[in-house]
Amino acid sequence: MTPVAQNYDVAIVGGGLAGSALAHALSATPLRIALLEARDPRKLEQPSFDARATALANGSQRVLDTLGIWDDVADEATPITCIHVSERGRFGAARILAADEGVPALGYLVENRVLGEALWRSIDRESNVTVIAPATLESIETLPDAVEFHAASGRRAQTIRARLAVAADGLNSRVRAELGIGTLEDDYAQSAVILNCRPEVAHAGRAFERFTPNGPIAILPLTCGRVAAVWTLSTSDAERVMQLDDAEFGDALQQAFGYRLGRFLEVGRRATYPLRRLRSTDLTGPRVALIGSAAVNVHPVAGQGFNLALRDVAVLAEVLSDELLAAGRDADSGSASVLERYATWRLDDQRRVASFTHGLIKFFGINSMPLAVTRGVGLMAFDLLPGAKAALARHTMGLSGRLSRLARGLPLVSNRSGLD
Ligand SMILES: Cc1cc2nc3c(=O)[nH]c(=O)nc-3n(C[C@H](O)[C@H](O)[C@H](O)COP(=O)(O)OP(=O)(O)OC[C@H]3O[C@@H](n4cnc5c(N)ncnc54)[C@H](O)[C@@H]3O)c2cc1C
């Protein structure tokens with residue numbers, strides 16, 4: 001027997017960092033939200049919520065603050081007061097300082113587990129968000145006035161109908177595939193080895209981005225004197241270093257990064273992520289919007305992926321709440337005009353960040369001597385050019401381009417309206 005469909009205004013597929021942030025943001029509106037997640041959110045073993053830490057840009061910090069989430073994570077967030085960019089074996093280094101930019105921090109490091117827990121705790125308190133988990137989307141059908149999903153929860157089949165479906169189901173998005181939305185992909189043939197470790201010298205809020213002939217290493221400040229390492233290597237080298245014991249691994253990391261923070265005294269559990277850039281050819285389909293890494297997945301070199309995703313969340317939430325304000329009870333959250341406004345607003349930023357991170361990998365990945373000299377000089381010149389640095393800093397802080405209300409510190413809705 002076909003199960004009776006449950007009806008919602010918005011159904012979000014995927015409760016990783018992007019999907020759970022959107023569910024939380026929309027809980028401030030009268031919309032009825034469904035959040036479908038394949039894993040058990042209480043076990044927090046999701047890809048988004050593992051031992052990784054996320055470098056949050058200032059713009060993202062402000063969005064989380066406006067959403068009321070920041071207070072729950074602030075104690076475990078580490079401010080980045082300096083970003084130090086260098087190239088191993090070459091002269092020249094660039095420093096971006098929070099003090100020069102007139103901000104208390106250039107961004108904040110927060111462990112994904114901490115952010116994920118805060119988001120899911122808040123969702124649990126919201127009466128207009130229904131969590132359907134663990135349940136996996138199996139197929140999707142577009143009707144004239146709604147989208148219908150079929151999901152499996154163990155042996156139980158469920159049918160969910162919504163006016164708008166949001167694909168927040170990550171890099172290998174099933175929603176995107178079901179709708180036949182294409183992708184443009186670049187396989188970097190690289191993997192990121194991630195771990196937390198404890199250095200001899202206090203990080204003092206410094207983040208290091210170090211380009212080596214084998215790939216970039218980011219060392220980012222964490223709480224309790226720890227740092228998070230994101231070490232990019234060719235896939236075969238990553239497999240090799242994953243086999244090393246802790247002492248051998250610590251030596252290898254030390255050799256690649258150098259001694260700016262003294263010796264690495266302890267190294268934590270490691271995990272690897274294969275790296276590829278992916279851009280969906282369309283940000284929307286009929287009654288469907290793509291957000292987060294389902295829409296764009298970038299190399300982690302500049303820590304931009306989740307920041308980009310949170311801007312998707314803030315913009316989609318704003319477009320939906322504007323639709324409610326304008327149309328009241330007649331609001332259609334999956335209408336062509338809602339989808340068009342979302343796609344038009346987000347496309348430029350997504351393209352820019354995807355090209356910027358891809359360009360960094362290409363630029364620093366070519367190991368020829370004259371280019372290496374130019375790069376060294378470029379880094380030094382960049383260090384002496386406050387204008388260029390300020391522009392880059394504003395961009396990586398998530399403060400450039402057209403800002404959403406949430407990024408400007410303004411609430412999504414000042415009073416509940418529309419469907420109330
Ligand atoms: C090594 C590394 C370091 C990074 N560092 C940073 C950083 O410092 N700063 C930054 O901004 N970004 C960073 N990123 C990027 C960031 O982690 C991603 O942008 C972010 O995790 C994307 O979140 P998401 O919710 O879009 O996707 P995901 O985290 O992949 O979540 C997708 C969710 O959908 C669920 N799902 C999938 N399929 C289905 C289905 N069929 N049915 C139901 N549910 C489904 C999954 O279980 C999962 O919970 C980094 C990434 C990597 C790999």
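Every value quoted in this text rests on a predicted model; they were computed, and no experiment measured them.

1. Observations concerning the sheet that holds strand 7 (residues 107-111)
The strand order 3-7-4 describes an open sheet built from three strands, whose pairing is antiparallel. Here the strands that pair on one side only, and so sit at the sheet edges, are strand 3 (53-57) and strand 4 (78-80). Neighbour-to-neighbour, the strand axes of the sheet open up by a mean angle of 30°, direction not taken into account. The sheet contact formed by strand 4 and strand 7 spans three bridges and is antiparallel. Bridging from a neighbouring strand, Ile 80 pairs with Gly 107 of strand 7. Each of strand 3 and strand 7 is contacted by helix 2 (residues 58-66), which is oriented at about 90° to strand 3, the strand it contacts most.

2. Here's the deal with the confidence of the model for the protein
Residues of the protein with pLDDT of at least 70 account for 85%, and the chain-wide mean is 87. Predicted confidence in the protein is weakest over helix 11 (residues 369-384), with a mean pLDDT of 51, and strongest over strand 19 (residues 288-290), with 98. Taken as a whole, residues 416-420 scores under 50 in pLDDT and shows 17 contacts with residues more than four places along the chain or in a different chain.

3. What to know about the nonpolar core
One broad trend across soluble globular proteins is that nonpolar side chains are buried collectively. Counting residues in hydrophobic clusters, the biggest one holds 83 residues, and the most contacted among them are Leu 115 and Phe 149. When residues of this core are assigned to their parent elements, the largest contribution, twelve residues, is made by helix 9 (residues 305-327). Those residues in contact with Leu 115, other than ones at most four positions away along the chain, are Leu 17, Leu 56, Leu 64, Ile 69, Val 73, Val 110 and Phe 306. Ranked by size, the runner-up nonpolar core spans 20 residues in total, among them Val 193, Ile 217, Ala 229 and Phe 257.

4. What to know about the packing of aromatic side chains
Any two aromatic rings considered together are summarised by their centre-to-centre distance and by the angle between their planes. This structure, assessed with the given rule, holds four aromatic pairs. Ring centres of Phe 257 and Phe 264 lie 6.0 Å apart, and the angle between their planes is 45°; on these two criteria the pair is classed as tilted. Each of the two residues, Phe 257 as well as Phe 264, counts as buried. Members of the aromatic cluster, each reached through a chain of ring pairs, are Phe 208, Phe 257 and Phe 264.

5. Comments concerning the pattern of salt bridges
Tallied over the full model, the rule gives 19 salt bridges. Ionic pairing is found between Arg 32 and Asp 9, a salt bridge with its closest N-O pair at 3.1 Å. Remark: Asp 9 occurs in strand 1 (residues 6-13) and Arg 32 occurs in the loop between helix 1 (17-26) and strand 2 (33-36); sequence separation between them is 23 residues. Assessed through its relative accessible area of 43%, Arg 32 is described here as partly exposed. For Asp 9, a relative accessible area of 5% translates into the label buried. Note that Arg 240 and Asp 237 form a salt bridge whose closest N and O atoms lie 3.7 Å from each other. One end of the pair, Arg 240, and the other, Asp 237, are both in helix 7 (residues 235-243), three residues apart, so they sit about a helical turn from each other. Assessed through its relative accessible area of 21%, Asp 237 is described here as partly exposed. Taken together, the shared-partner salt bridges connect Arg 311, Asp 312, Arg 346 and Asp 349 into one network.

6. Here's the deal with the packing of helix 1 against helix 5 (residues 112-124)
Close contact between helix 1 and helix 5 brings their axes to 9 Å; oriented N to C, the two are set at 35°. In this structure, helix 1 meets helix 5 at a crossing whose hand is left-handed. Contact residues: helix 1 offers Leu 17, Ser 20, Ala 21, Ala 23 and His 24, while helix 5 offers Asn 112, Leu 115, Gly 116, Leu 119, Trp 120, Ser 122 and Ile 123. Its residues assigned to classes, the contact of helix 1 with helix 5 shows seven nonpolar, five polar and no charged.

7. Let's talk about the pairing of strand 10 (residues 147-153)
Two strands pair when backbone bridges link them, and strand 9 (residues 136-142) and strand 10 are joined in this way by six bridges, in the antiparallel orientation. From the neighbouring strand, Ser 139 faces strand 10, where its bridge partner is His 150. The turn joining strand 9 and strand 10, which pair antiparallel and follow one another in sequence, is formed by four residues. In this sheet, strand 11 (residues 156-167) lies alongside strand 10 in antiparallel orientation, the contact comprising seven bridges.

8. So, helix 9
Spanning 23 residues, helix 9 covers 33 Å between terminal C-alpha atoms, matching the ideal 33 Å at 1.5 Å per step. Most of helix 9 sits out of view: 18 of its 23 residues are buried. Just past helix 9, the residue Gly 328 takes up positive phi, approximately 55°.

9. Focus on unusual backbone geometry
The omega torsion across Ala 133 and Pro 134 is -5°, close enough to zero to call that bond cis. Tracing the sequence through the fold places Pro 134 in the loop between strand 8 (129-132) and strand 9. One non-glycine residue with positive phi stands out, namely Ala 204, at about 50°. Inspection of the secondary structure assignment puts Ala 204 in the loop between strand 12 (183-199) and strand 13 (206-212). Note on Ala 204: relative accessible area 59%, which makes it exposed.

Analysis parameters
Residues numbered from 1 in each chain as written. Predicted model: local features only at pLDDT ≥ 70, side-chain atom pairs only at ≥ 80, totals over all residues. Heavy atoms only, no water. Pairing = 2+ DSSP bridges. Helix = DSSP H or I, 4+ residues; strand = E, 2+ residues; numbered from the N terminus. Axes fitted to C-alpha atoms, helices over the stretch in contact; angles between N-to-C directions. Contact = heavy atoms within 4.5 Å. pLDDT = per-residue confidence, 0-100. Core = buried A, V, L, I, M, F, W, Y, C linked by side-chain atoms within 4.5 Å. Buried < 20%, exposed > 50% of the residue type's maximum accessible area, 1.4 Å probe, protein only. Phe/Tyr/Trp six-rings, centres within 6.5 Å; stacked < 30°, edge-to-face > 60°. Salt bridge = Lys/Arg side-chain N within 4 Å of Asp/Glu carboxyl O. Left-handed = near helix turned anticlockwise from the far one by under 90°. Nonpolar A, V, L, I, M, F, W, Y, C, P; charged D, E, K, R; others polar. Expected span 1.5 Å × (residues − 1).

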